[in-house]
Amino acid sequence: MKRILLSVFTLVTFSLNAQTNLTTAVDFTVTDVHGITHNLFNYLDDGKHVIIDFFFTTCGPCISSVPTLNQAYTDYGCNTGDVIFLSIDNGDSDPAVLQYENDYGGLLPSASGNDGGGNAVISAYGISAYPTVILIHPDRTILEQDIFPVSNITTALPNAGLNMASCAVTPTWDCTDSLEVTDVIIDNANLTMNIAIYNGYNYFLNYPYVAFTIDANGDTIQGGNISLFGAFNFDTTWYNYSLSNVISPAYPLTMYFVYSDGSLVTDTCILTYNSTPTAIIGINESNNKKLISIVNVLGREIKEKSNTPLFYIYNDGTVEKKIIIE
């Protein structure tokens, strides 16, 4: 079969004709899973051709097309040349598309259907089969309504008069050797979740934040936006987020950590936290227990101080690890 089709009728009687009937582009604005906004007409008005890859995350033929699209993306300048590449998802969330990128190594900026505005674009272009790849000229003419098989992109782009270009930035996606979640503190009493992440890179991270945390059951238990200007290299930074409700997550936790490097290139690192949090502070804790002492990680008794992990020892034998974020 050519590809996945989203209706019984087309599944049985699919056509080899173009998968969009439009001949002139319709403008749209989407936000990719790394938080970057893309406006089609802005790219066209800058004289860029635009390749749009329509996909969804469980589409087998879409997955198979990823290496071909990656090669074209890098051959034509990684969105720094005369061609802009975008992937538009149908019906999935940001976390699902981020997982798709991580699992299959997709390099194209991708906007999810549900969270990034992709569903509206799918509807506007009348896409019903996946993958569908189209090419738009700067004058808004749709030059290629359906590049299929996707491998034909190697001829479609030169036929449009486009030249290859070198990537200004070579994307790198292996980040788990340098970034690590070292601790998690969940405070159900105050509906907060504190996440400690160690930056093992030899450079400062710009605008880092934990975009999502998903537990082992697939539930999104935390969502966040940029709250810090940066994280120092070879240091641990705490990220403090509000919770919408009391949580008792299943482990391990998967965290989508977004940051920009020294060149302000945005990346997302998918981190796993396998341990149980140091503390899950409940909402029904006894108010009768009394604090005996506070000690640091070396076991030395000290006074309470901010931005430092400390152990609170109580008269009922319980010990809590806390950090006061200021």
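Just above sits the structure.
**Q** Lay out the sheet that holds strand E8 (residues 132–136) with the relevant residues and their values.
**A** Strand order in the open sheet formed by five strands is E6-E5-E4-E8-E9, with mixed pairing between adjacent strands. Of all strands in the sheet, those with a lone pairing partner are strand E6 (110–111) and strand E9 (142–144), marking the two edges. Where E8 meets E9, two bridges bridge the pair, whose relative direction is antiparallel. For Ile-136, the partnering residue across the bridge sits in E9 and is Ile-142.

**Q** Residue-level account of the packing of aromatic side chains, with values.
**A** To describe a pair of aromatic rings, one takes the distance between the centres and the angle between the planes. Per the counting criterion, the structure on display carries 12 aromatic pairs. Ring geometry for Tyr-201 against Tyr-259: centres 6.2 Å apart, planes inclined by 45 degrees, an arrangement best described as tilted. Remark: Tyr-259 occurs in strand E16 (residues 253–260) and Tyr-201 occurs in the loop between strand E11 (192–199) and strand E12 (205–214); sequence separation between them is 58 residues. Residue Tyr-201 is classed as buried on the basis of its relative accessible area of 14%. Residue Tyr-259 is classed as buried on the basis of its relative accessible area of 2%. Pairing Phe-212 with Tyr-256 gives two aromatic rings, centres 6.4 Å apart and planes at 85 degrees, and the pair type is edge-to-face. Of the two residues, Phe-212 is situated in strand E12 and Tyr-256 in strand E16; the sequence distance between them amounts to 44 residues. Grouping residues by exposure puts Phe-212 and Tyr-256 together as buried. An aromatic cluster is defined as three or more aromatic residues linked by ring pairs; in this entry it consists of Tyr-201, Tyr-203, Tyr-239, Phe-257 and Tyr-259. Arg-140 extends its terminal NZ or CZ atom over the ring of Phe-41, reaching a point 3.8 Å from the ring centre.

Calculation notes
- Residues numbered from 1 in each chain as written.
- Predicted model: local features only at pLDDT ≥ 70, side-chain atom pairs only at ≥ 80, totals over all residues.
- Heavy atoms only, no water.
- Pairing = 2+ DSSP bridges.
- Helix = DSSP H or I, 4+ residues; strand = E, 2+ residues; numbered from the N terminus.
- Phe/Tyr/Trp six-rings, centres within 6.5 Å; stacked < 30°, edge-to-face > 60°.
- Buried < 20%, exposed > 50% of the residue type's maximum accessible area, 1.4 Å probe, protein only.
- Lys NZ or Arg CZ within 6 Å of the ring centre and 35° of its normal.

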